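Here is how the chains run, residue by residue.
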Amino acid sequence: MARIRTVKPEIWTDEDFIELSPHARLLLIALLNFASDYGVLPDKPKTLKMQCLPADDVDAEALIEECVSAHFL
């Protein structure tokens, strides 16, 4: 069965969220599509980058660390 992932409207004005870089915000939202039902993601930055930001020249490890530092991951 397909999983439905939604972004709550409150995220756009969350003070911690808006302090993230634009690519980190996009990655965080995209990760909702790939997390398990328990919120688990693989510890594979290259895989996550190819799933979430395949056409962007970004450092996935740095973006993930940015999200971790802000307590989103």
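For the structure itself, look to the data block above.
Before going into details, it helps to say that this report is about the structure given with it.

So, how was this worked out
Residues numbered from 1 in each chain as written. Predicted model: local features only at pLDDT ≥ 70, side-chain atom pairs only at ≥ 80, totals over all residues. Heavy atoms only, no water. Helix = DSSP H or I, 4+ residues; strand = E, 2+ residues; numbered from the N terminus. Rg over C-alpha atoms; globule rule 2.2 N^0.38 Å. Buried < 20%, exposed > 50% of the residue type's maximum accessible area, 1.4 Å probe, protein only. Areas by Shrake-Rupley, 256 points an atom, 1.4 Å probe, with all protein chains shown as cover.

What follows covers the overall build of the protein chain. Broken down by element type, the protein chain carries 4 helices and 0 strands. In the protein chain, the succession of helices and strands from N to C terminus is α-α-α-α. Taken over C-alpha atoms, the radius of gyration comes to 12 Å for the protein chain, in line with the 11 Å a tight globule of 73 residues would show. For the protein chain, the spread of C-alpha atoms along the three principal axes comes to 35 × 30 × 20 Å. By residue count, 27% of the 73 residues in the protein chain fall in the buried class. Carbon and sulfur atoms make up 56% of the accessible area of the protein chain, which amounts to about 5,500 Å² in all.

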